[in-house]
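Observations on the model geometry
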Amino acid sequence: MSAGKAEELPLAPEVEPALGGMRIAAGVGRMALTLASLVALLALWWLCVTWFKLPPYILPSPLRVANALWSGLAVPLDSQVGFYLPLASTLVNSAIGFVIGAVLGIALGSLMAEFRPIETIVMPYAFALQALPKVAIAPLIVIWCGFGDGSKITMAALLAFFPLMVNTFTGIRTTDPERLALMRALAATRLETYRFVKLPSAAPYIFAGLDMGMVYALLGTLVAEFLGAQSGIGVAITQAQAVSDVASVFAALVLLGLIGIGLHLTISAVEHRVIHWAGRHKN
Amino acid sequence: MSQGANKATGEDKIAQQPLIAATGISKVYRTVSGARVEAIAGIDLVIDDGDFVCIVGPSGCGKSSLLRLVAGLDTVTSGRLTLAGAPVRGPSREVGMVFQNATLLPWMTVLENVGLPLRLASADPDKAGDDDGLVRELLGVVGLGGFSDKYPYELSGGMQQRAAICRALVRDPKVLLMDEPFGALDALTRERMNVELQRIWQASRKTVLLITHSIAEAVFLGDRVVVMSPRPGRILQDFPVELERPRNFAETTGHPEYLQLTREIRALLDESSGEEAQ
Ligand SMILES: Nc1ncnc2c1ncn2[C@@H]1O[C@H](COP(=O)(O)OP(=O)(O)OP(=O)(O)O)[C@@H](O)[C@H]1O
Ligand SMILES: [Mg+2]
């Protein structure tokens, strides 16, 4: 095995470009398929609207949505109308909430995994809270934190917190016992074991949690905005709804969808770089 | 056991003290259901500085348990176990351990993996890289010179295990403990690793305690081969191996003493595992 592999290794660079080319070809193929399905969906949507003569305040045609999207985007960045200001507000609040929730989630998940008493004390509440649909707490949060950014950040943090706490806990607890034995044999301190072995072991779980938590943070901010805030994309949606401008509602949803995809891809890219070793065969 | 007389000579004569001395040690595990599992029972074993001792025995006879005790990863249930005269109370810097799986950390490069023990022992573990020179030198010795910046998944099984041996040696311990280090490798790689290990041992003169399932490997590598009984593990016999060094597979495995020893050990193992059914 060693002999064979050692002699194979220098070949690797030659093999790679061909493999890379194949990978790109496969990627282009998949992209084409995705695009085709999108076009088909838009066509179906358009057909439904014209066939059943749906009024625009029920289901606007794709063209109307595109129009609304364009008029919301074709304004100066600091314009009082259009999507930019509400979007910026929503994204900033979600991001702040996400970071707070993620940091607290990773910290509490780690503490629970490391210290049994903390686990014993916190676990029942954690599970109870997790079972609760946290969106239902939003009115309470608004009472406590007001209609400003405080409520939005709190909701975002609250929703991002749980997937990270649970995933960090699970990730640390499933650390390979052999790696722990190694650290013990090396007389590593508890902190060293956490830092060099447990936290990296949990990294794939933590990234999965970040991926989920990010969407949840956005959701949390939107819910808080729905409950009577002054700014944000959630406010833009409720305002459009109030005047039956369904096309603008759709346009906002499209934007949120695109942002969600963009954030997911960003996290995936970071994950790929940071934990490039994950999923490769071990030993 | 043959040096059993040494251990009574008193602790003041440090020069003559065996490096590892086990006196009647036993280990009893408690299972989750509360049952007692006697892994090893009353083992006496004395290992001198610089010895290469191999342990063979049937699966589940307590070989790993014994090694974990010496490594300070577990505590003896009864008996006395000393390392360089002092009772074993926990993991020691004087002991390097190699597991059956290489157990390299996949998020660290080979260089970082091998340097980890130094980093842990240093005052400031954030400052990696002080000992890179030493680590690179060691990697060169085992033929991994060009692989220090690779990640473990880029290495073959044999190369990973060589890196793991480097990691065990990097703090320059007195004792190297190896629990079936080559068990996961194919026969050919395994033979090459045996020759390699012998070379490393001859150069460094560590005391080595190696567990293996392979009688051939045990006789090829060891100054002594200790044969254990089925669980609860006891020592059946301690065979001295007087084959000349450096040994190589072509000559050593055809040597009459080698053949004689492997036959005797196999017979002893067969006989004892027959007893098990009693
Ligand atoms: N932590 C534990 N708790 C309970 N029983 C254990 C524990 N560790 C080992 N044992 C038992 O002790 C006995 C000896 O185990 P050990 O791992 O030392 O055997 P071994 O000789 O290394 O076997 P193998 O050759 O298969 O590796 C086995 O019967 C095993 O089931
Ligand atoms: Mg074992």
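Residues numbered from 1 in each chain as written. Chains lettered and ligands numbered in written order. Predicted model: local features only at pLDDT ≥ 70, side-chain atom pairs only at ≥ 80, totals over all residues. Heavy atoms only, no water.

As for the overall build of chain B
Short version of the rule: By definition, any uninterrupted DSSP run of H or I lasting at least four residues is a helix, any uninterrupted run of E lasting at least two residues is a strand, and each is numbered from the N terminus. The size measure is the radius of gyration over C-alpha atoms, and the globule rule it meets is 2.2 Å times the number of residues to the 0.38 power. Exposure is judged per residue with a 1.4 Å probe applied to protein chains only, and the accessible area is read against the type maximum: over 50% gives exposed, under 20% gives buried, and values in between give partly exposed. In what follows, residue pairs with any heavy atoms lying within 4.5 Å of each other are defined as contacts. Where accessible areas are quoted, they stem from the Shrake-Rupley method and a 1.4 Å probe; at the residue level, only the protein chains shown are allowed to cover. For the purpose of counting charges, residues Lys and Arg are taken to be positive, whereas Asp and Glu are taken to be negative. His and the chain ends are not included. Charged side chains are reduced to one point each, which is NZ for Lys, CZ for Arg, CG for Asp and CD for Glu.
A tally of helices and strands in chain B yields eight helices and ten strands. Since a compact globule built from 278 residues should have a radius of gyration of about 19 Å, the 19 Å found for chain B is in line with a globular shape. Referenced to the eigenvectors of the C-alpha coordinate spread, the extents of chain B come out at roughly 55 × 45 × 45 Å. Among the 278 residues that make up chain B, the fraction classed as buried is 53%. Pairs at least 24 apart in sequence give 70% of the contacts found in chain B among residues at least 6 apart. About 11900 Å² of surface is accessible on chain B, with carbon and sulfur atoms providing 50% of the total. Positive and negative side-chain charges of chain B, numbering 30 and 36 respectively, have mean locations separated by a distance of 4 Å.

As for the environment of T262(B)
Residues and elements named next belong to chain B. Positionally, T262 belongs in helix 8 (residues 256-275). According to the relative accessible area criterion, T262 is buried, its value standing at 15%. A C-alpha to C-alpha distance of 6.2 Å links T262 and I215, two positions 47 residues apart in sequence. Beyond its immediate chain neighbours, meaning those up to four positions away, T262 contacts I215, A216 and V219.

Describing the sheet that holds strand 5 (residues 86-87) of chain B
Residues and elements named next belong to chain B. Using the following cut-off: At least two bridges found by DSSP between two strands are what make those strands a pair.
The sheet built from four strands is open, its strands ordered 2-1-4-5 with antiparallel pairing. The sheet is open, and its two edges are formed by strand 2 (36-47) and strand 5, each paired on a single side. Note that strand 1 (residues 20-30) and strand 2 share eight bridges and pair antiparallel. Bridge pairing in strand 2 links K27 to I40.

Here we look at the domain arrangement of chain B
Residues and elements named next belong to chain B. What counts, and what does not: Where each domain begins and ends is defined by an automated method or by a domain database. Accessible surface is computed with a 1.4 Å probe, and the buried area is the amount of it that two parts give up when combined, taken over both parts together.
Domain boundaries assigned for chain B yield domain 1 (18-94 + 173-278) and domain 2 (102-172). Relative placement of domain 1 and domain 2: their C-alpha centres are 26 Å apart. Taken together, the contact pairs 15 residues of domain 1 with twelve residues of domain 2. In this assembly, domain 1 packs against domain 2 so that about 1200 Å² is buried in total across both faces, 66% of it on carbon and sulfur atoms. Of all residues in domain 1, R93, P173 and I200 give up the largest surface area on contact with domain 2, accounting jointly for 38% of the area buried on that side.

Topic: the packing of aromatic side chains
Inclusion rule: Under the pairing criterion, centres of Phe, Tyr and Trp rings, with the six-membered ring standing for Trp, must be within 6.5 Å; the plane angle then separates stacked pairs below 30 degrees from edge-to-face pairs above 60, leaving the rest tilted. Geometrically, a charge over a ring is one whose NZ (Lys) or CZ (Arg) sits within 6 Å of the ring centre while staying within 35 degrees of the ring normal.
All chains considered together, the criterion is met by six aromatic pairs over all chains. Considering the side-chain rings of W45(A) and F250(A), the 5.5 Å spacing of their centres and the 35° angle between planes classify their relative orientation as tilted. On the criterion of sequence distance, the pair formed by W45(A) in helix 2 (residues 12-51) and F250(A) in helix 11 (residues 246-274) is long-range, its members being 205 residues apart. Centroid distance F220(B) to F249(B): 4.1 Å. Interplanar angle 20°. Geometry classified as stacked. Of this pair, F220(B) sits in helix 6 (residues 215-221) while F249(B) sits in helix 7 (residues 249-252); the two residues are 29 residues apart in sequence, bridging distant segments of the chain. Grouping residues by exposure puts F220(B) and F249(B) together as buried. For K134(A), the ring lying beneath its charged end belongs to F162(A), and the centroid distance is 4.7 Å. Just above the ring of W201(B) sits the side chain of R205(B); from NZ or CZ to the centre is 4.5 Å.

Brief notes about the site of ligand 1
All names here are of chain B. Defined as follows: We call a residue near a molecule or strand whenever a single non-hydrogen atom of that residue lies within 4 Å of it. Each polar contact in these results corresponds to two N or O atoms within 3.5 Å; when the atoms are within protein, one needs to be able to donate a hydrogen and the other to accept it, and residues that are neighboring in sequence are counted only if both atoms are side-chain atoms.
The environment of ligand 1 is formed by 13 residues, the closest being S59, G60, K63, S64 and S65. Between ligand 1 and K63 there is a distance of 2.7 Å, counted from an oxygen atom to a side-chain nitrogen or oxygen. In this structure, H213 approaches ligand 1 through a side-chain N or O atom, which is 3.1 Å from an oxygen atom. Elements with a contribution of two residues or more to the shell around ligand 1: strand 2 and helix 1 (63-71).

Some remarks on a nonpolar patch on the surface
Residue and element names in this part refer to chain A. This is how the line gets drawn: Residues with no salt bridge and a relative accessible area higher than 30% make up the patches, which join like charges within 9 Å and nonpolar side chains (Val, Leu, Ile, Met, Phe, Trp, Tyr) within 5 Å. Take a side-chain nitrogen of Lys or Arg and a carboxyl oxygen of Asp or Glu: if they are within 4 Å of each other, that pair is a salt bridge.
There is a patch of nonpolar side chains on the surface, built from V135, M212, V215, Y216 and L219 and spanning about 390 Å² of accessible area. Along the chain, Y216 falls in helix 9 (residues 190-226). A relative accessible area of 34% means that Y216 is categorised as partly exposed.

Thoughts on the side chain of T252(B)
Position of T252(B) among the secondary structure elements: in helix 7. Excluding residues within four positions of it along the chain, T252(B) makes contact with F220(B), L243(B), R247(B) and Y258(B).

A short note on the side chain of T212(B)
Residue and element names in this part refer to chain B. Looking at where T212 falls in the secondary structure, it is placed in the loop between strand 8 (207-211) and helix 6. A distance of 3.4 Å separates a polar atom in the side chain of T212 from a polar atom in the side chain of R190. At 2.8 Å, the side chain of T212 forms a polar contact with the side chain of E217. With residues near it in sequence (within four places) discarded, T212 still touches I55, V56, G57, K63, E180, R190, E217 and A218.

Considerations on the sheet that holds strand 8 of chain B
Strand pairs in the sheet, formed through backbone hydrogen bonds, run parallel or antiparallel to each other. Residues and elements named next belong to chain B. What counts here: As a rule, the C-alpha atoms of each element are fitted with a line to give its axis, helices using only the stretch in contact, and angles between N-to-C directions run from 0 to 180 degrees.
Here six strands make up an open sheet; going across it, the order is 6-7-8-3-9-10 and the pairing mixed. Sheet topology places strand 6 (95-98) and strand 10 (235-240) at the edges, where each strand pairs with a single neighbour. Between one strand and the next, the sheet's axes are offset by a mean angle of 15°, whatever the strand orientation. Across five bridges, strand 7 (residues 175-179) lies against strand 8 in parallel orientation. Looking across to strand 8, one finds that M178 is bridged to L210. Contacts from helix 4 (residues 157-169) reach strand 6 and strand 7, with the element oriented near 165° to strand 6.

Topic: the interface of chain B and chain A
The interface of chain B with chain A comprises 35 residues on the first partner and 26 residues on the second. Across the interface of chain B and chain A, roughly 3000 Å² is buried in total on both sides, 63% from carbon and sulfur atoms. For the chain B face of the interface with chain A, the top three residues by lost area are W107(B), L120(B) and Y153(B), together amounting to 25%. Where chain B touches chain A, the interface holds zero salt bridges.

A few points about the packing of helix 9 of chain A against helix 10 (residues 233-242) of chain A
All names here are of chain A. Spelled out, the test is: Angular relationships are summarised with four words: roughly parallel below 35 degrees, roughly antiparallel beyond 145, roughly perpendicular across 65 to 115, and oblique for the angles in between. Should the near helix be turned anticlockwise from the far one by less than a right angle, the crossing is left-handed, and should it be turned clockwise, the crossing is right-handed. Under the grouping applied here, Gly and all other residues not named as nonpolar or charged are polar, the nonpolar ones being Ala, Val, Leu, Ile, Met, Phe, Trp, Tyr, Cys and Pro and the charged ones Asp, Glu, Lys and Arg.
Packing of helix 9 against helix 10 brings their axes to within 7 Å, and their N-to-C directions diverge by 45°. Put simply, helix 9 runs oblique to helix 10. Handedness of the crossing formed by helix 9 with helix 10: right-handed. Contacts between helix 9 and helix 10 involve L222, E225 and F226 from the former and I233, G234, V235, I237 and T238 from the latter. In terms of residue class, the contact of helix 9 with helix 10 is made up of five nonpolar, two polar and one charged.

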